[in-house]
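Per-entry structural report
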Amino acid sequence: FATQPRVAVLDRGGNLVASDAATRVAASLLDPSISLMDVAAGTPWETLADGASSARVVRIGGASYVVRASGGDATVMAWGCSVPEPLGSLGVAHATSISPFRFAGIDFLAVSANASTIVILQHVASPSDGVRGGGEALFAASVTAAAPGVVFTKSLLVGGRQFLAASLDGSAGEEGGTVLYELAASVNGSANLTVVQNVSEDASVLDIAHLSYLSRDFLLELTDSELRIYEWDHTLDTFVGGDVAPLANFSAILTISNATGLFLVAAGPADSIIFPLHPPSNFSTIALYTDGAVSLGKPATALAYLPRGATHLLALSSPGNLTVLLGDGAPYTSLLVLDADGGATINAAASPAVEFASEGGTDYLLRGGSVYKIAGSALLSGTTVVTASEGIAAFTDLTIDRQGSYRLAFSPVTLDAAHASTASWLAARAFSSRDLPVLASGAARLVQTSANVAGVAPEVKVVDAGGNDAATEEDWLVTAVLDDTDEFNILSDIQEMTTMSARDVTHFTIDTTHFLAIANNFDGITYRVDSQLLLFANGTLRLVQSLATRGAYGVSAFAIESYPNISAGVVPSKASEHFLAFANHYDDAAGFATQSEIFKWNASTETFETFQRIGTLGATHIEPFILNGAPHLAIANFFDGTVHAVASEVLRYSSSSARFERVQTLTTHGAHHVAHLAYKGRHFLAVAQFRAADEVSLSASSPLFAWSDAASAFLRVASIGSRA
């Protein structure tokens, strides 16, 4: 900003309020989605063949690939600086759909071919390995299974097991429906693909979606007249239930889980609608709500979804038409149409399949024979909440990371319960600014613009703090050096301990006994390595227990105190239950979508036992704290295997269920740590962010959240400058 905003706080009569020192004013960005979709420059992506076609984006070893099935040979393309560039055939003929997935640390492609076969291709090399010779040198056939009438497959990872849900159309003389295959390794190391369940046998399945929620897995099956909901039964090892909701005239579905709830997007030739989903309880499965459904007013036969921090992009595609909508974090009650057809001609005969991709810090949309580049949503940073002085709230360091013209909204907030009524009255009088121009700032960092491919010289450009081309006329000299591993000198050794890529250690006591817990991450072969519990006695540490963890990244110790025996006239005695919480970062089978684990101390056996498993995404730290007398856990989620834009979470201990239950998600990007702070009766959560929103550079700021009794939630109150 050329001039930082100043906001006056007025009373009902329009006079300056100079006496209330507790008035705080928050600045937020209106319409942060001032974005355009442009046809990407460079070599255009060739037009797909007529007829059934499937294009998917898969990220392997830091590089992005586009894999395609167009009814002919399946092909693969490597992402260049701006668009996919052909590499060659995958060696599978008459391919109609491709489903990429990662299992046991290996990348696979499930290709539906010739309406009769599922071919599993395994990634074996990358262009950076110096490989030449096209797609067949990158992916090799691993296993083939008969699937009469197969139309498409969807990948499902359930409880560390890899499944493929295949839609069969009944053209091979059998009833149509969904068949569940499991991919598993045999004793000799080869892969097997076997049928484990006929989920349904009496319908033509148009689309399939998988939803994982609170460690429960659901399979959603769309037919021509209804939506069927199945839940995975860990005892029976099958999907059971088959709850039905009427849902006619739709052809594609996807599920959305964010801070505001669970939703199902259903697309059809007449309209596309967002339905709220009722979260599952202890006694019921998820349910579809028709009340509260939002019509998007756009027909579609294919969908794509891309979370972008507090906003979400939704692509709706049908022959000859393309629309991209933006959700603002609310339950999609208001959606902004960003573009229709991107100003380009869409081949009406081409497949309307759409897929989002992120490469080099830029988001793209692949549709038909075109690649579209999506300008990013703007982000307001700096001190966004200030205290008014003499009736004036003066902002000093607000910045927006992208050039453009914006409006700011100003609203009063309070972290002081005594001023709740004042804040409530003022909140109704929040206002927005006039249009404010934001220009690029000076050079802040370098960003790589070239692909990581052998034989390609690296290219970088100078950008400002927001990733815009830096506003400078100076010539810059850029020097390339080889990084050396940091060296650390230890002054003296007291005792050597054998660990396995230990990531964290914590000290705690139970009664008068001192313990150390060590989080082990990797032994050079597998992430399934035990963490360690050591007891300190007679001046030395000795191993007393090994705890099963999966790529553990952090460990925290905490206690839950209670008064179990309360009677009149007797001073109650306090009981303490001791726990260890391990943030599991990565698992050989589940990848980053693994489960972190809480262990509870058994005083009788003097060992820790499994207490609760919590689904996390590349978790790096679990922070225990007490809020309003209840134990809480804040979990920093880092990465889901594709993007760092994954929400962190807050859980609260329920005395009735004797379990920690999710109560809130926090919008974070590559959260590497979270810390709780109590100050003057207020509670704060500070999150250390590692990765920036462009998914390439390191984060230059980290969020601070404060507890609001009025909202009964943590609210973001500041963005703190930081360096990864």
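Residues numbered from 1 in each chain as written. Predicted model: local features only at pLDDT ≥ 70, side-chain atom pairs only at ≥ 80, totals over all residues. Heavy atoms only, no water.

Regarding the overall build of the chain
- If you tally the helices and strands in the chain, you get one helix and 56 strands.
- Here the chain, with 724 residues, has 47% of them falling under the buried criterion.
- In the chain, 46% of the contacts between residues at least 6 apart in sequence involve partners at least 24 apart.
- Accessible surface, the chain as shown: approximately 34,100 Å² in total, 51% of it carbon and sulfur. (Helix = DSSP H or I, 4+ residues; strand = E, 2+ residues; numbered from the N terminus. Buried < 20%, exposed > 50% of the residue type's maximum accessible area, 1.4 Å probe, protein only. Contact = heavy atoms within 4.5 Å. Areas by Shrake-Rupley, 256 points an atom, 1.4 Å probe, with all protein chains shown as cover.)

Focus: the sheet that holds strand β52 (residues 659-666)
- If you walk across this open sheet you meet the four strands as β49-β50-β51-β52, and the pairing is antiparallel. Each edge of the sheet is formed by a strand with only one pairing partner; in this case those strands are β49 (619-627) and β52. Adjacent strand axes in the sheet meet at a mean angle of 25° when their direction is disregarded.
- Alignment of strand β51 (residues 648-654) against β52, held across seven bridges, turns out to be antiparallel. Along β52, the bridge assignment pairs Glu649 with Thr665. (Pairing = 2+ DSSP bridges. Axes fitted to C-alpha atoms, helices over the stretch in contact; angles between N-to-C directions.)

Overview of the layout of surface pockets
- Approximately 270 Å³ is the volume found for the second largest pocket.
- Taken together, 13 residues line the second largest pocket, and the ones lying closest to its centre are Met497, Thr499, Val505, Leu516 and Ile518.
- Its residues assigned to classes, the lining of the second largest pocket comprises eight nonpolar, three polar and two charged. (1 Å grid on protein atoms, 1.4 Å probe; cavity = no way out; pocket = protein on both sides within 12 Å on 5 of 7 lines; lining within 4 Å. Points joined across faces, edges and corners; volume = space filled by probe spheres on them. Nonpolar A, V, L, I, M, F, W, Y, C, P; charged D, E, K, R; others polar.)

Some details on the side chain of Ser702
- Looking at the element boundaries, Ser702 is found in strand β55 (residues 701-708).
- The class for Ser702 is buried, based on a relative accessible area of 7%.
- Engagement of the side chain of Ser702 in a polar contact is seen with the backbone nitrogen of Gln689, the distance being 3.0 Å.
- In this structure Ser702 touches Val687, Ala688, Gln689, Ala718, Ser719, Ile720 and Ser722, once residues within four positions along its chain are discounted. (Polar contact = N/O pair within 3.5 Å; in protein donor to acceptor, adjacent residues only side chain to side chain.)

Considerations on unusual backbone geometry
- Despite not being glycine, Asn114 has its phi angle at roughly 55°, a positive value.
- In this model, Asn249 sits at a positive phi of 65°, which is unusual for a non-glycine residue.
- Tracing the sequence through the fold places Asn249 in the loop between β19 (238-246) and β20 (252-258).
- Relative accessible area serves as the criterion here: at 58%, Asn249 is assigned to the exposed category.

A word on the confidence of the model for the chain
- Residues of the chain with pLDDT of at least 70 account for 72%, and the chain-wide mean is 77.
- This stretch, residues 414-428, has a pLDDT under 50; its non-local contacts, to residues over four places away or in other chains, come to 19 contacts. (pLDDT = per-residue confidence, 0-100.)

Digging into the packing of aromatic side chains
- Counting across every chain of the model gives 20 aromatic pairs.
- Seen in terms of ring centroids, Phe508 and Phe608 are 6.0 Å apart; in terms of plane orientation they differ by 75°. Their pairing is edge-to-face. Here Phe508, found in strand β41 (residues 504-510), pairs with Phe608, found in strand β48 (residues 607-615); they are 100 residues apart in sequence, far enough to count as distant.
- A relative accessible area of 8% places Phe508 in the buried class.
- Connected via pairs of aromatic rings, a cluster forms that spans Phe522, Tyr527, Tyr586, Phe592 and Phe639.
- Over the face of the ring belonging to Phe611 we find Arg659, whose NZ or CZ atom lies 4.7 Å from the ring centre. (Phe/Tyr/Trp six-rings, centres within 6.5 Å; stacked < 30°, edge-to-face > 60°. Lys NZ or Arg CZ within 6 Å of the ring centre and 35° of its normal.)

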